[in-house]
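The primary structure of each chain is shown beneath.
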Amino acid sequence: MLFVHPDKNAPSIMQYFGDIAPHLGPHVPEELVEYKEGLYTKEIKANWKIIVENNIDHYHLAHLHEGTLNMYDHAKAEFGWEGPHYWFYEPLVKDYMDDVENASLQPLIKRVPKEKIGAYVPWFFPNIGLAESEASWSTFHVVPLAPDRTLVTFRTKVENVSSWEFTKQSAKSSMSKIWSKYGDKGKYEGDASDPMASGDFMAEDIYACEQQQKSLQSPMFSVGARAERGEYAILRFQEEIKKWLIQEGAEV
Ligand SMILES: [Fe+2]
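Here is a short report on the structure shown in this document. (Residues numbered from 1 in each chain as written. Predicted model: local features only at pLDDT ≥ 70, side-chain atom pairs only at ≥ 80, totals over all residues. Heavy atoms only, no water.)

Examining the pairing of strand β3 (residues 85-90)
Consideration 1: Buried residues dominate β3, accounting for 6 of its 6 residues.
Consideration 2: Burial along β3 is two-sided: the face carrying H85, W87 and Y89 and the face carrying Y86, F88 and E90 are both buried.
Consideration 3: Bridging between strand β2 (residues 78-82) and β3 involves 5 bridges; their strand directions are antiparallel. Residue pairing in the sheet places E82 in a bridge with H85 of β3.
Consideration 4: If you look at the hairpin formed by β2 and β3, you'll find 2 residues sitting between the two strands, and G83 has a positive phi there, around 60 degrees.
Consideration 5: Where β3 lies against strand β4 (residues 119-120), 2 bridges are found, and the strand directions are antiparallel. Paired with Y89 across the strands is Y120, a residue of β4. (Buried < 20%, exposed > 50% of the residue type's maximum accessible area, 1.4 Å probe, protein only. Helix = DSSP H or I, 4+ residues; strand = E, 2+ residues; numbered from the N terminus. Pairing = 2+ DSSP bridges.)

Pasting the structure below:
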């Protein structure tokens with residue numbers, strides 16, 4: 001990514017992002033390689049802020065993704081803020097961690113020491129996320145197109161090893177018993193075109209965001225109770241948005 005600011009007196013990009021650096025994973029992205037299938041773009045019928053809120057909300061993981069992201073231990077998640085930026089970490093569940101060298105779908109990233117393996121999912125305000133895991137490193141770019149349409153782009157990098165290593169890892173992974181419990185199960189059985197039965201966490205998130213957008217049009221819509229800690233990130237993000245709007249002269 002190339003960052004450009006039209007004001008030559010603007011703070012440097014490292015000043016802007018710098019405080020979040022200690023919360024990132026030990027991955028070294030420049031040593032990893034991007035691959036063709038790791039590029040994913042999708043237009044989502046929702047406001048860009050709904051997509052960010054979904055991404056930084058810890059509370060929805062155990063509910064919406066109960067069968068798809070359950071190889072991560074949501075109860076042990078750690079999260080917080082550095083200025084406008086959000087950080088998040090959660091470890092793998094124990095039986096996946098115990099067998100991770102075999103079970104991982106792709107070769108493990110060697111720069112991540114065993115005691116630091118987990119999912120690091122920070123959000124850089126306003127519109128860039130990372131997903132740094134045991135075997136992949138992704139950027140998540142959220143671009144508003146209209147009040148109710150957003151383009152999302154994922155780019156994923158993996159360990160720089162031969163395709164033979166990927167084939168071997170995939171074969172080992174397919175023999176691991178843990179995947180009978182984790183990874184690609186829908187919330188219920190049904191046609192794979194139903195996002196909740198798809199076993200695909202992206203389909204689950206897109207569905208949730210688009211339903212949330214639709215609900216804003218409903219005369220029955222109201223802001224309900226919120227989990228004080230689990231959903232705190234959403235409130236914190238909205239406060240940050242408000243601050244920037246006021247700073248830019250909006251009457252809020
Ligand atoms: Fe999600």
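That covers the picture; the talk isn't over yet.
Thoughts on the pattern of salt bridges
Consideration 1: Enumeration according to the criterion identifies 13 salt bridges in this entry.
Consideration 2: Notably, a salt bridge pairs R155 with E34, separated by 3.2 Å at the nearest N-O pair. With R155 in strand β8 (residues 149-158) and E34 in strand β1 (residues 33-44), the pair connects residues that are 121 residues apart, well separated along the chain.
Consideration 3: With a relative accessible area of 44%, E34 lands in the partly exposed category.
Consideration 4: K110 is paired through a salt bridge with E159; the nearest N and O atoms lie 3.4 Å apart. Of this pair, K110 sits in the loop between α5 (100-103) and β4 while E159 sits in the loop between β8 and α6 (163-175), and the two are 49 residues apart along the sequence.
Consideration 5: By relative accessible area, which is 11% here, E159 ends up buried.
Consideration 6: Each member of the salt-bridge network shares a partner with another, and the members are R236, E240 and K243. (Salt bridge = Lys/Arg side-chain N within 4 Å of Asp/Glu carboxyl O.)

Side note on the environment of M14
Consideration 1: If you trace the backbone, M14 turns up in helix α1 (residues 13-17).
Consideration 2: Between the C-alpha atoms of M14 and Y59, which are 45 residues apart in sequence, the distance is 30 Å.

Here's the deal with the nonpolar core
Consideration 1: Counting residues in each nonpolar core, the largest one holds 26 residues, and the members touching the most others are I56, Y86, V142 and F237.
Consideration 2: I56 has contacts with W81, Y86, W123, A233 and F237, leaving out every residue within four places of it along the chain.
Consideration 3: Within the second largest apolar cluster, 23 residues are counted, among which are I20, L92, I109 and W179. (Core = buried A, V, L, I, M, F, W, Y, C linked by side-chain atoms within 4.5 Å. Contact = heavy atoms within 4.5 Å.)

Considerations on the layout of surface pockets
Consideration 1: Looking at the second largest pocket, its volume works out to about 790 Å³.
Consideration 2: If you trace the second largest pocket, you find 22 residues lining it, with E53, Q212, E231, I234 and Q238 closest to the centre.
Consideration 3: Among the elements of the structure, α2 (48-56), α7 (201-215) and α8 (232-247) are those that each provide at least two residues to the lining of the second largest pocket.
Consideration 4: Of the residues forming the lining of the second largest pocket, the biggest block, 4 residues, is contributed by α2.
Consideration 5: When its residues are assigned to classes, the lining of the second largest pocket shows 10 nonpolar, 7 polar and 5 charged. (1 Å grid on protein atoms, 1.4 Å probe; cavity = no way out; pocket = protein on both sides within 12 Å on 5 of 7 lines; lining within 4 Å. Points joined across faces, edges and corners; volume = space filled by probe spheres on them. Nonpolar A, V, L, I, M, F, W, Y, C, P; charged D, E, K, R; others polar.)

Looking at the coordination of the iron ion
Consideration 1: In the first shell of the iron ion, the protein supplies H60 (NE2), H65 (NE2), D205 (OD) and D205 (OD), at 2.1 to 2.4 Å from the metal.
Consideration 2: The coordination sphere of the iron ion comprises 4 donor atoms, whose angles at the metal cover 58 to 158 degrees; the geometry is irregular.
Consideration 3: Along the chain, the residues donating to the iron ion fall in the pattern H-x4-H-x139-D. (Donors = N, O, S within 2.8 Å, 3.2 Å for Na, K, Ca; no water. Tetrahedral: all angles 85-135°; square planar, octahedral: opposite > 155°, others 65-115°.)

As far as function goes, none of this settles anything; it's purely spatial.
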